[in-house]
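In case you want the letters, here they are:
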Amino acid sequence: MCSRFADRAVRAGTAVIAIAALAACPRERRTFHDSPPAASVAAESAKSVRSDSGVSREGPYGDNAYALYQGKTLFAAFNCMGCHSHGGGGMGPPLMDSAWIYGYEPANIYATIANGRPNGMPSFKNRITPQQIWELVAYVRSMSGQGSKAARTSRNDEMEVRAAESQTTTEKPVLVTPPPTVNPPAQEGHP
Amino acid sequence: MSALCGCALALLGCGVDSERTPAGAEGQEPHIMLQKPLPPGGTGAQIEAAATAPEDGQWIRPAKDFASSRFSGLNEINTSNVAQLKPAWTFPTGVLRGQEAAPIVVGHMMYVVTAYPNLLYAFDLSKPGASLKWMYNPKPLTSSQGEACCDVVNRGASYADGKIIYATLDNNVVAVDAESGKEVWRTKVGDINKGETMTMAPLIVKDRVLVGNSGGEMGVRGWLKGLDLKTGAVKWTAMHTGPDSVVLIGQSFKPFYKKDQGADLGVKSWPGTTWQIGGGGVWGWISYDPALDLVFYGSSNPGPWNPEQRPGDNKWTSTFFARHPETGEAIWAYQINPHDLHDYDGVNESILLDIPWNGSKRGILVHPDRNGYMYALDRATGEVLYAKPYVHITSSDSVDLKTGELALNPTKEPKLGKTVRDVCPAAPGGKDWQPSSFSPRTGLMYVPHQNLCMDEQPTAVSYISGTPYVGMDVRMKPGIGGNRGFVTGWNPVTGSVVWRIAEPFPVWSGTLATAGDVVFYGTMEGWFKAVDARTGTLLWKYKTTSGIIGQPVAYRGPDGKEYVAVMSGVGGWSGAIVAGGLDPRDSSAALGFVGAMRDLPRVTPKGGTLYVFSLR
């Protein structure tokens, strides 16, 4: 099917070949029963996991449009949106900017979702499957333009409140320390 | 620039609503508009705040008195000399989140509660520079920060019986010895794992400490509790959803309107068991009438915001209640926003006034609701004497005084899969928590508020305990005129605007009225302003280091001089973009408030400083 289509495309001109190749072949692989990569997420120590830990640079789904869309759906369904909005933040920090408090590598984000973080991020470990967490990881990274641009979702199903992930500029992620609660630390009792 | 935007918006609004006459439409506003000249001497001679005490120079609770007048009888600082006001001393609290608390002054001491982690600072005003005497840290759970919908604010403490009493973000009510700073008692009254937090200032009436929970955005079940002042023991709990027995509705309960009468409406007006996660918290203000022995307060919005998931009236959310403080027993209730569509909480303040009404004296409470109407209710019965728009309203047409019903505009009803545009007022309402004041000298109320509209679209949402239960995409924008805030001088007898000051940003600070005929308020850019109580004319302003969303107070220092104090430190729902470092590219951030506040980070940094001003 694919080669026959290409044969015809040769006669139609090289520009069409390029478009056809991009649009039609090879079709993206969809995995419906994926196991999470071998990275020992439970042992993840924040900010130390790098791409050599068994998790690919973009996690298992960073270039998978289907999984990214699933992640976007889960982001709403598990009320992530309630705190992080569409990436701009609210009760929780923004996810579309360059600043990452607990690490920006896929395994860091996996651990954040699975185990929670001390300043208000709840643990979703027993509420959601590992595969779904990885889909969320991919989507969360796509909010700041990480991962494959072609795979990122290109529209919102609801009211437009921000540019689609596919239109988002790719931020260069940086680690930040969480803003101190009290600065300078106030001493209890009589000064 | 903002004026241009406003014109565009106004045109847009005309296009959308050309056949409708929006309630309260005022068109383009000049900076100050004197709409109804005051009679010489004002109307004050006929109006007085109920339940005030002679001026003693103190400020022992955020609302100053039980009538919630926020009026200081001090007049050393007045219209003729306020221009000479200068900072007397300042104190950086070290906490850089929204500072909504009122400083409390008792004798020669001042007390201030910060935003999370809810530090309590005590200053000795008799010492040079008002030196710090002690600091108390209640050590709230760090995870409580993730349960607070709209910045980790605290609206202040109250003083009684030698104790400073306030609520922490993680649901502890603490009583601290006012002299030593030692904790006297601590009572845990809520659970952050259910989405509950606490941000309101307690009201202390006789031997009861009245507190309620926040979390209308988290699927909490709202309540008001009465704690024992001596021990902190919970003496009663009035739920705001559920059967009458737990709402503390009994034989004495006499709602004025038929729509609020019937058995177990807190269950029957909900589908299935959704009342158990239906919201209706209490995080605003409570007033008290000693003559009737009743407290008055409103409950919050229902959850989730998506109204299609909760068909019915959703009682007793967004409802005004009168209760006996000793027992919590409900006397009357008036549901202001049945089946609320737009996050119109009923928690805003009520000022208790005795006014001339049809030839006799009437005891009323005046309540500026989120839905854009100023309500005057009879304090004894809950009858609505008037409900008049104080902002531009498109979400409803009027309030029927015979039935008490709010006539909704059906074209602004949110429906799944549909974007509803130009809903005015926006979710924070015509006015949010920021409390008004009242001067018996002018007879006017001074109402700080916003001028915002919104587009919204519901989304399906599931309840997961401890996570937001909202189900609504929102993007807010400036209302007609382009300015996002107002301070309005309101005549509570005629129910009309006397003067109005337009501010570029929402006026998220409280106001303070004084016997010097000066009204104080702060702006989100950081200006602390004094205006003429009769005309709204600007008399003085001072730029603080951060946006002001706190409550100004006035007191007489140990040296006999008058001081005015306010916290500076931007944040709250409106200032979340700065306090939380949110991304302006997402207009739905902070439940849609960021859409209207993109320029705030350019005009103010975070802050957390106490300012005290005097003439010398």
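Read on for a plain summary of the structure. In this text, all values refer to a predicted model and were calculated from it rather than measured experimentally. (Residues numbered from 1 in each chain as written. Chains lettered and ligands numbered in written order. Predicted model: local features only at pLDDT ≥ 70, side-chain atom pairs only at ≥ 80, totals over all residues.)

## Some remarks on the overall build of chain A
Across its full length, chain A carries six helices and two strands. Reading chain A from its N end, one meets helices and strands in the order α-α-α-α-β-α-α-β. Within the span of chain A, comprising 191 residues, buried residues form 39% of the whole. (Helix = DSSP H or I, 4+ residues; strand = E, 2+ residues; numbered from the N terminus. Buried ≥ 20, exposed ≤ 12 C-beta atoms within 10 Å, placed from the backbone.)

## Things to note about unusual backbone geometry
Residue and element names in this part refer to chain B. That bond from Tyr116 to Pro117 is cis: its omega, 15°, falls within 30 degrees of zero. Mapping Pro117 onto the fold places it in the loop between strand S5 (109–113) and strand S6 (120–124). Cis geometry marks the peptide bond from Lys315 to Trp316, where omega comes out at 0°. If you trace the backbone, Trp316 turns up in the loop between strand S17 (294–298) and strand S18 (319–323). Here Ser68, not a glycine, exhibits a phi torsion of approximately 60°, which is positive. Looking at the element boundaries, Ser68 is found in the loop between strand S1 (48–49) and strand S2 (71–72). For Ser68, a count of 30 C-beta atoms within 10 Å puts it in the buried group. The phi angle at Ala590 is positive, at roughly 50°, despite the residue not being glycine. Locating Ala590 in the fold gives a position in the loop between helix H4 (576–579) and helix H5 (600–603).

## Considerations on the interface of chain B and chain A
Chain B puts 45 residues into the contact, and the matching count from chain A is 40 residues. The set of elements that each furnish at least two residues to the side of chain B that touches chain A consists of strand S7 (132–136), strand S29 (452–458) and strand S30 (472–478) of chain B. Per element, the largest residue contribution to the side of chain B that touches chain A is five residues, and it comes from S7(B). (Contact = placed C-beta atoms within 7 Å.)

## Here we look at the nonpolar core
In this structure, B:Ile104, B:Leu120 and B:Ile164 are the most contacted members of the largest nonpolar core, which totals 214 residues. No other element matches the eight residues that helix H6 (residues 130–143) of chain A contributes to this core. The residues contacting B:Ile104, other than those within four sequence positions of it, are B:Trp59, B:Ile60, B:Met110, B:Tyr111, B:Gly156, B:Ala157, B:Tyr159 and B:Ile164. (Core = buried A, V, L, I, M, F, W, Y, C linked by C-beta atoms within 7 Å.)

## A word on the sheet that holds strand S31 (residues 485–491) of chain B
Residue and element names in this part refer to chain B. Strand order in the open sheet formed by four strands is S27-S28-S31-S32, and the pairing between neighbours is antiparallel. The open sheet has two free edges, formed respectively by strand S27 (437–439) and strand S32 (496–503), since each of these has just one partner strand. Averaged over all adjacent pairs, the angle separating strand axes in this sheet is 20°, with direction ignored. Here S27 runs beside strand S28 (residues 444–450); their pairing, made up of three bridges, is antiparallel. Residue Ser437 lies in a different strand from S28, and its bridge partner there is Tyr446. (Pairing = 2+ DSSP bridges. Axes fitted to C-alpha atoms, helices over the stretch in contact; angles between N-to-C directions.)

## Some remarks on the pairing of strand S11 (residues 183–188) of chain B
Residues and elements named next belong to chain B. Of the pairings in the sheet, the one linking strand S10 (residues 172–177) to S11 comprises five bridges and is antiparallel in character. Its bridge partner being in S11, Val174 is matched across the sheet by Arg186. Counting the residues between successive antiparallel strands, the hairpin from S10 to S11 contains five residues, one of them, Gly181, with a positive phi of roughly 80°.

## Notes on the sheet that holds S17(B)
Strand pairing in a sheet takes place through backbone hydrogen bonds and is either antiparallel or parallel in direction. Residues and elements named next belong to chain B. Within the open sheet, the four strands sit side by side as S16-S17-S18-S19. Their pairing is antiparallel. At either end of the open sheet lies a strand with only one pairing partner, and these are strand S16 (287–289) and strand S19 (330–335). Along the sheet, successive strands turn relative to each other by an average axial angle of 20°, direction set aside. In terms of strand pairing, S16 meets S17 through three bridges, oriented antiparallel. Across the sheet, Ser287 pairs through a bridge with Phe296, a residue of S17.

## Remarks on the pairing of strand S20 (residues 351–357) of chain B
Bridge count for S20(B) against strand S21 (residues 360–368) of chain B is seven bridges, and the pairing is antiparallel. Residue pairing for S21(B): B:Trp357 is matched across the bridge by B:Ser360.

## Observations regarding the environment of A:Thr73
All names here are of chain A. Structurally, the position occupied by Thr73 is in helix H3 (residues 65–77). We classify Thr73 as partly exposed; it has 16 C-beta atoms within 10 Å. Between the alpha carbons of Thr73 and Glu135 there is a distance of 9.7 Å; along the sequence they are 62 residues apart.

## So, the packing of helix H5 (residues 106–115) of chain A against H6(A)
Residue and element names in this part refer to chain A. Interhelical geometry of H5 versus H6 gives an angle of 120° and a closest axis separation of 9 Å. With respect to H6, the axis of H5 lies oblique. Every pair of crossing elements has a handedness; the one defined by H5 and H6 is right-handed. Judged by residue contacts, Pro106, Ile109, Tyr110, Ile113 and Ala114 of H5 engage Ile133, Trp134, Leu136, Val137, Val140 and Arg141 from H6. (Parallel < 35°, antiparallel > 145°, perpendicular 65-115°, else oblique. Left-handed = near helix turned anticlockwise from the far one by under 90°.)

No statement about biological role is implied by the geometric values presented.
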